[in-house]
Amino acid sequence: MVFDKKSLPEPIYLDQVQIPGGLWENRQSANRNRTIPAIYNKLQETGRIDAWKMNPDRTIPGRRSVIYMFFDSDTGKWVEAAAYSLHTHPDKALEKQVDDLIDLVESAQEDDGYLNTFFGNLEPENKWANLRDWHEMYNAGHLIEGAVAYKRATGKDKLLKVLSRFADLIDEKFGPDEGKERGYPGHPELEMALATLYRETGEDKYLALSKYFIDERGKDPHYFDKEAAERGEKPEDFWAQSYKYCQAHKPIREQEEATGHAVRACYLYAGIADVALETEDEELLELSRLLWNDLTSHQMYITGGLGPAHSVEGFTFAYDLPNETAYAETCAGISLAFWAHRMFHLEPHGRYIDVMERALYNNVLAGVSYEGDQFFYANPLTSYPFINPHEHFSGVNSDKHYRRQDWFFCPCCPPNLSRIVANIGSYFYSTTDERVYVHMYNDNSTSVELKGATVGLSQSTNYPWDGAIQLTVDVENPTEFEIALRIPGWCRGYSLSVNGNAQSLTPENGYVIVSREWQSGDTVTLTLDMPVDRIVPHPQIRQDAGHIALQRGPIVYCLEEVDNGANLANVAIPANSQLDSGMEGDLFGGIAVITGDAVRIEPEEWSGGMYEPQAVVKHTRTPFKFKAIPYYLWANREPGEMRVWIREA
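Residues numbered from 1 in each chain as written. Predicted model: local features only at pLDDT ≥ 70, side-chain atom pairs only at ≥ 80, totals over all residues. Heavy atoms only, no water.

S.K.: Explain the packing of aromatic side chains to me, please; I cannot follow it from the model alone.
M.R.: Each aromatic ring pair is characterised by the separation of its centres together with the angle its planes make. Taken as a whole and assessed by the stated rule, the structure comprises 39 aromatic pairs. Ring centres of Phe-238 and Tyr-245 lie 6.3 Å apart, and the angle between their planes is 70 degrees; this geometry places the pair in the edge-to-face category. Like Tyr-245, Phe-238 is buried. Above the ring of Tyr-114, the side-chain terminus of Lys-127 is found at 4.4 Å from the ring centroid. (Phe/Tyr/Trp six-rings, centres within 6.5 Å; stacked < 30°, edge-to-face > 60°. Buried < 20%, exposed > 50% of the residue type's maximum accessible area, 1.4 Å probe, protein only. Lys NZ or Arg CZ within 6 Å of the ring centre and 35° of its normal.)

S.K.: Please clarify how the state of the cysteines should be interpreted in this entry.
M.R.: Each disulfide is one covalent bond, formed between the sulfur atoms of two cysteines. This model, assessed by the stated rule, comprises 0 disulfides. Among the cysteines around Cys-246, which has no disulfide bond, Cys-266 carries the closest sulfur, lying 15 Å off. For Cys-246, a relative accessible area of 1% gives the class buried. The closest cysteine sulfur to the non-disulfide-bonded Cys-266 is located on Cys-331, 11 Å from its own sulfur. (Disulfide = S-S within 2.5 Å.)

S.K.: Sorry, what's going on with the nonpolar core here?
M.R.: In a soluble, globular protein the nonpolar side chains are often hidden away together inside. By size, the foremost hydrophobic cluster in this structure holds 222 residues, and its most contacted members are Trp-24, Trp-78 and Trp-339. Ranked by the residues each element gives to this core, the list is headed by helix H10 (residues 262-279), at 13 residues. Sequence-distant contacts of Trp-339, defined by excluding residues within four places in its chain, comprise Cys-266, Tyr-269, Ala-270, Ala-273, Ser-288, Leu-291, Trp-292 and Leu-295. (Core = buried A, V, L, I, M, F, W, Y, C linked by side-chain atoms within 4.5 Å. Helix = DSSP H or I, 4+ residues; strand = E, 2+ residues; numbered from the N terminus. Contact = heavy atoms within 4.5 Å.)

S.K.: Can you walk me through the layout of surface pockets in this structure?
M.R.: Gaps between atoms show up when a probe of the same size as a water molecule is rolled over them. Approximately 920 Å³ is the volume found for the largest pocket. What lines the largest pocket is a set of 36 residues, and nearest its centre among them are Pro-11, Arg-152, Arg-199, His-341 and Arg-342. Counted by class, the lining of the largest pocket contains 16 nonpolar, 7 polar and 13 charged residues. Every residue lining the second largest pocket is counted, 33 residues in all, and those nearest its centre are Thr-296, Met-300, Tyr-301, Ile-302 and Arg-358. Broken down by secondary-structure element, the contributors of at least two residues to the lining of the second largest pocket are helix H11 (282-298), helix H13 (350-366), strand S16 (532-535) and strand S17 (547-552). Counted by class, the lining of the second largest pocket contains 15 nonpolar, 10 polar and 8 charged residues. (1 Å grid on protein atoms, 1.4 Å probe; cavity = no way out; pocket = protein on both sides within 12 Å on 5 of 7 lines; lining within 4 Å. Points joined across faces, edges and corners; volume = space filled by probe spheres on them. Nonpolar A, V, L, I, M, F, W, Y, C, P; charged D, E, K, R; others polar.)

S.K.: So what exactly am I meant to see when it comes to a negative patch on the surface here?
M.R.: A cluster of acidic residues, Glu-10, Asp-433, Glu-434, Glu-480 and Glu-517, forms a negative patch on the protein surface. Along the chain, Glu-517 turns up in strand S14 (residues 511-518). (Patch = residues over 30% accessible without salt bridge, like charges linked within 9 Å, V, L, I, M, F, W, Y side chains within 5 Å. Areas by Shrake-Rupley, 256 points an atom, 1.4 Å probe, with all protein chains shown as cover. Salt bridge = Lys/Arg side-chain N within 4 Å of Asp/Glu carboxyl O. Lys, Arg positive; Asp, Glu negative; His and termini not counted. Charge placed at Lys NZ, Arg CZ, Asp CG, Glu CD.)

S.K.: Sorry, what's going on with the pattern of salt bridges here?
M.R.: Working definition: two side chains of opposite charge can pair if their charged atoms are close together. Taken as a whole, this structure holds 48 salt bridges when the rule is applied. Residue Lys-53 pairs with Asp-50 through a salt bridge whose shortest N-O separation is 3.0 Å. Here the salt bridges share partners, and the residues they tie into one network are Lys-5, Arg-199, Asp-274, Glu-278 and Arg-342.

S.K.: Any chance you could explain the sheet that holds S14 here in plain terms?
M.R.: Sheet strands line up and pair through hydrogen bonds in the backbone, either parallel or antiparallel. The mixed open sheet is built from 5 strands, whose spatial order is S1-S6-S7-S11-S14. Each of the sheet's edge strands pairs with one partner strand only, and the pair in question is strand S1 (10-11) and S14. In this structure, strand S6 (residues 429-431) lies alongside strand S7 (residues 435-438), joined through 3 bridges in antiparallel fashion. The residue of S7 that forms the bridge with Thr-431 is Val-436. Sheet strands in contact with H13 are strand S11 (479-486) and S14, and its direction is about 55 degrees off that of S11. (Pairing = 2+ DSSP bridges. Axes fitted to C-alpha atoms, helices over the stretch in contact; angles between N-to-C directions.)

S.K.: What is the right way to look at the sheet that holds strand S9 (residues 453-461) in this model?
M.R.: Pairing within the open sheet is antiparallel, and its 7 strands lie in the order S2-S8-S9-S10-S15-S12-S13. Where the open sheet ends on each side, the last strands, each with one partner, are strand S2 (17-18) and strand S13 (501-503). Across 7 bridges, the pairing between strand S8 (residues 444-450) and S9 is antiparallel. In the strand pairing of S9, Ser-445 is matched with Ser-458.

S.K.: Help me understand helix H7 (residues 190-201) in this model?
M.R.: Because an α-helix packs 3.6 residues into every turn, residues spaced three or four apart end up facing the same way. Between the first and last C-alpha of H7 there are 16 Å, a value that for 12 residues agrees with the 16 Å anticipated at 1.5 Å per step. With 9 of 12 residues buried, H7 is to be regarded as a mostly interior element. Listing the buried residues of H7 in full gives Leu-190, Glu-191, Met-192, Ala-193, Leu-194, Ala-195, Thr-196, Leu-197 and Tyr-198. Buried residues along H7 sit in contact with helix H5 (136-154), helix H6 (158-173), helix H8 (204-216), H10 and helix H12 (330-346). Looking at the residues trailing H7, positive phi occurs at Gly-202, about 75 degrees. (Expected span 1.5 Å × (residues − 1).)

S.K.: Explanation requested: the packing of H10 against H12 in the structure shown.
M.R.: Helix-helix packing: each pair is described by the crossing angle between the helix axes and the interaxial distance. Where H10 meets H12, the closest approach of the two axes is 8 Å, and the angle between their N-to-C directions is 20 degrees. In terms of orientation, H10 and H12 fall into the roughly parallel class. Crossing angle aside, the handedness with which H10 passes H12 is left-handed. From H10, Ala-262, Val-263, Cys-266, Tyr-267, Tyr-269, Ala-270, Ala-273, Asp-274, Ala-276 and Leu-277 reach across to H12, where they touch Cys-331, Ala-332, Ser-335, Leu-336, Phe-338, Trp-339, Arg-342, Met-343, His-345 and Leu-346. Considering only residue class, the contact of H10 with H12 consists of 16 nonpolar, 2 polar and 2 charged. (Parallel < 35°, antiparallel > 145°, perpendicular 65-115°, else oblique. Left-handed = near helix turned anticlockwise from the far one by under 90°.)

S.K.: Help me out: how do you make sense of unusual backbone geometry in this one?
M.R.: Backbone geometry follows two general trends: most residues other than glycine have a negative phi, and most peptide bonds adopt the trans configuration. Backbone torsion omega between Asp-220 and Pro-221 reads -5 degrees, so that peptide bond is classified as cis. Tracing the backbone shows Pro-221 in the loop between H8 and helix H9 (223-230). With omega at 10 degrees, the peptide bond leading from Tyr-463 into Pro-464 counts as cis. With respect to the helices and strands, the residue Pro-464 is situated in the loop between S9 and strand S10 (468-475). For Tyr-319, which is not glycine, the phi torsion reads 70 degrees and is therefore positive. Note that Tyr-319 resides in the loop between H11 and H12.

Nothing here speaks to function; it is geometry throughout.
In structure tokens, the structure reads:
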């Protein structure tokens, strides 16, 4: 394609979308009333807020300090989540909490602009000594994004000025110019943040620095080797054994597959998409396509989760997707949604929003309890009572069942999840001069500018539980423009009408485009077929061979012990079983569940040995009616087993 940024759609901001009801209002309400306050309390309890007071004399027995290298990122993400919430739901008490915290952050900034609680408090001599493993640039990125969001929400720019000074310092120290270090973030994130800062301030140097970080990554002589030698370490002693872990094994423009730590990868890829868009870099666009196709074709769980391996919190090899030990970190699903949204604005195609939707409704929402104050770090697709393989990040209850936790040693996921839920309105629509793209469906209303006119749209729907969506147009005068409605990739049939008149339109790049002169009160009715689908895995996904998963609309379902009894591995759904869906109004505020006939295949008796000849073991097939609930809601009731992939008999 010929790259022309001016012709591409732009996302709208959350302040243009009001969400009065539906699933996302429910999740935003829990986020506003439970999640944001719960995270703030943990920031207090764990010393993250006090760390900004820059008093290093806070040690506890048996541990060096209560300050860790990643502390600052949690502050940044919480500020960002609070800012988005304030933008749509003003709250003076919350705003004061943020203002007080910003005062502490400002007071912690050093004369040259440096800002970091770990190095500022404990190891000032080690600033910038290990970009590979330590988190100075990562922390800076999250603080920058929080600062920009808070400025947009309240108009207050104190934190933005503080972080702009820190970004200026980073720009003075790192880059291709003589006298600068040729370093770059070991944990990507700053690349995205600098693009955001560029858009907010108009300062070209921030975009140039982001582009430098991307282009310098992985080049020889390798910066991570250089800094390791300066620390007196051997590069070959790097614990991960390969710079694939941090996507620095070779220059970015030579990479062909998604590698390493999944969150680092998708943050980096989202930053690449930002730079590709702002600089109209066709090579980076092609690279983005290449990496996207590899990741979504070979390395993504049905839930939109990423990363099968606990050891690297990320990728292994194509089609390696274990279920019980799946890592599928909540942050990885969030970073995938960030990247997907950016890819659409590079190349307007519904396939990117399809993946964004898959990640949001399944992997991401699973990361927080229905009540909003407990969290998953890893998101397995099968769960049995066991010693948790993710002990460092998650927990088990007294029955050794995998459950959400109040907090983690490394609590990156809770505030990350909180910020994307609070900002979900920004993902609903995009516009060009003459077209509005409708990406997501939920009760909402918006106001956008098209052809110099103000256009109001309101959605009425019970999506994702129902496929019926009605849009109503509000314009002051008759106005000609286009409405592009996404036909999700999971949808195999739909109907469309305008003012009750049926339309026969073929999707273009995943969207049906309705073009006409619109008048106030015009309605568009889109009905997406939502049968219960039996999803089968790629034949090379060995862990799921002979199994099916249940999906309806964008929602992936699972079986839980509380509904279906124990020993779910022995449950099979016959190929001819009738599968039905229906609403349960008293379950989680009203959700669609899936029911059908299943059988439990178990031996009549067992001798007690580990293995027996098949010929001497008689099995019973006990029919029962199963019930499946949305995967994102599992582990909110009684502890028990869970499975997404189910045997088919």
